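What follows is the residue order along each chain.
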Amino acid sequence: MEWKIIHIDETDSTNRWLKDHGEEQKVAVVAEYQTAGRGCGTNKWESERGKNLLFSLLIHPTELPAAKQFHISMAISLAICEALGQHIGDLSIKWPNDIYWRNGKIGGILIENRIQGSTIKDCIIGVGLNVNQREFHSDAPNPVSLWQICEHESDCNQLLQDILEAFEKMMGSVIKDRYMQMLYRRKGFHPYVDKDGAFMAQLVDVEDDGHLQLCDDNGQQRRYAFKEVQYVI
């Protein structure tokens, strides 16, 4: 089934729009502006009107077991990296699914699954990509845009098409190794902080359910769910 692509001028968030207007098919809704764009938890997403790629996808991956729902996160992260990789290098994925160029955040993803029994009934994937914005004014620590890297404007519609095509491919493939290879700070010891304070650790693995495994410089194994540990950048 082909994607149904809906363009809207403004909404509070494309994820919420799809919750209110979702259909029994694959839908991509693209907004020129979001009044309440957000990331995980209480994080906000700054985006100048008409300058960036703000979209959400609705899929129904009923064949994917709920226990393996992190496959969706890996698939969309890798798809975005593949599409952006046609324009720039030095891309990585900061666990679980932030898109980085060097030490700057160029994209964020928010995934909301609805589980039915042992399967995923439907999934909404919200994506914000900094494409043509030239300046950022929020207190976000490290935003960067494609324009700031390339110094020319890019076609957001073509970028969306490239992402959708790559996402279809990734969803039907075994991608764990590729995801691990793309992880930000995947080699060596780096600073992290959790509820007990700061520490140095190296990345060991990301489990099928998305938990992050680290090994600190004392040899202690550490395991984290989303938002339980932060990178120090």
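Structure: above.
Residues numbered from 1 in each chain as written. Predicted model: local features only at pLDDT ≥ 70, side-chain atom pairs only at ≥ 80, totals over all residues. Heavy atoms only, no water.

Re unusual backbone geometry
Keep in mind that most residues, glycine aside, have a negative phi and that most peptide bonds are trans. Backbone torsion omega between W95 and P96 reads 0 degrees, so that peptide bond is classified as cis. For P96, the position within the fold is in the loop between β4 (91–94) and β5 (98–101). You will see that R185, though not glycine, has its phi angle at about 55 degrees, which is positive. Here R185 is to be found in the loop between α5 (176–182) and β8 (189–194). A residue is classified by how much of its surface remains accessible, and R185, at 18% relative accessible area, is buried. Look at K227: it is not a glycine, yet its phi comes out positive at around 75 degrees. Position of K227 among the secondary structure elements: in the loop between β11 (221–224) and β12 (230–231). What makes K227 exposed here is its relative accessible area of 54%. (Helix = DSSP H or I, 4+ residues; strand = E, 2+ residues; numbered from the N terminus. Buried < 20%, exposed > 50% of the residue type's maximum accessible area, 1.4 Å probe, protein only.)

Points about the sheet that holds strand β3 (residues 53–59)
The sheet built from seven strands is open, its strands ordered β1-β2-β3-β7-β6-β5-β4 with mixed pairing. Looking at the sheet topology across the chains shown, the edges are occupied by β1 (4–11) and β4. If you compare each strand with its neighbour and ignore which way they point, the axes differ by 20 degrees on average. Taken together, the three bridges between β5 and strand β6 (residues 104–116) define a ladder with antiparallel strand orientation. Residue W101 lies in a different strand from β6, and its bridge partner there is G104. Against the sheet, helix α1 (residues 14–21) contacts β1, β2 (27–34), β3, β6 and β7 (119–129), and its axis sits at roughly 35 degrees relative to β3. (Pairing = 2+ DSSP bridges. Axes fitted to C-alpha atoms, helices over the stretch in contact; angles between N-to-C directions. Contact = heavy atoms within 4.5 Å.)

Here we look at the packing of aromatic side chains
Tallied over the entire structure, the rule returns eight aromatic pairs. Between W95 and F226 the ring centres are 5.6 Å apart and the planes differ by 50 degrees, which places this aromatic pair in the tilted class. Here W95 is found in the loop between β4 and β5, whereas its partner F226 is found in the loop between β11 and β12, with 131 residues between them in sequence. We classify F226 as partly exposed; its relative accessible area is 43%. Where F199 meets Y224, the ring centres are 6.3 Å apart and the plane angle is 15 degrees; that geometry is what we call stacked. Of the two residues, F199 sits in strand β9 (residues 197–206) while Y224 sits in strand β11, which places them 25 residues apart along the sequence. Comparing F199 with Y224, the two get one shared label, buried. (Phe/Tyr/Trp six-rings, centres within 6.5 Å; stacked < 30°, edge-to-face > 60°.)

Topic: helix α2 (residues 70–84)
An ideal rise of 1.5 Å per residue puts 21 Å on 15 residues; α2 measures up with 21 Å between its terminal C-alpha atoms. With respect to burial, α2 is a largely interior element, 14 of its 15 residues being buried. (Expected span 1.5 Å × (residues − 1).)

Observations concerning the nonpolar core
Core analysis: the largest hydrophobic core is formed by 60 residues, its most contacted members being L53, I125, I163 and Y179. The dominant element in this core, judged by the number of residues it contributes, is α2, at eleven residues. Apart from residues no more than four positions distant in its own chain, I163 is found in contact with L53, F55, I76, A79, I80, A83 and L129. If you look at the next biggest cluster of nonpolar residues, it comprises nine residues, including I6, I8, V27 and V29. (Core = buried A, V, L, I, M, F, W, Y, C linked by side-chain atoms within 4.5 Å.)

Observations concerning the packing of α2 against helix α4 (residues 156–171)
Angle between the axes and distance between the axes are the two parameters that describe a pair of packed helices. Following both chains from N to C, one finds α2 and α4 inclined at 135 degrees, their axes separated by 8 Å at the closest point. Comparing the axis directions of α2 and α4 gives the class oblique. Crossing handedness for the pair α2 and α4: right-handed. From α2, H71, I72, A75, I76, L78, A79, I80, E82, A83 and L84 reach across to α4, where they touch L159, D162, I163, A166, F167, K169, M170 and M171. (Parallel < 35°, antiparallel > 145°, perpendicular 65-115°, else oblique. Left-handed = near helix turned anticlockwise from the far one by under 90°.)

As for α4
Quick reminder: α-helices carry 3.6 residues per turn. Residues three or four places apart thus point the same way. Taking 1.5 Å as the rise per residue, α4 with 16 residues should run 22 Å; its terminal C-alpha atoms sit 22 Å apart, in good agreement. Residues C156, L159, L160, D162, I163, L164, A166, F167 and M170 constitute the buried set of α4. Elements that come into contact with the buried residues of α4 comprise β1, β2, β3, α2, β7 and α5. Sitting at the amino-terminal end of α4 is D155, which places a side-chain oxygen 2.9 Å from the backbone nitrogen of N157. (Polar contact = N/O pair within 3.5 Å; in protein donor to acceptor, adjacent residues only side chain to side chain.)

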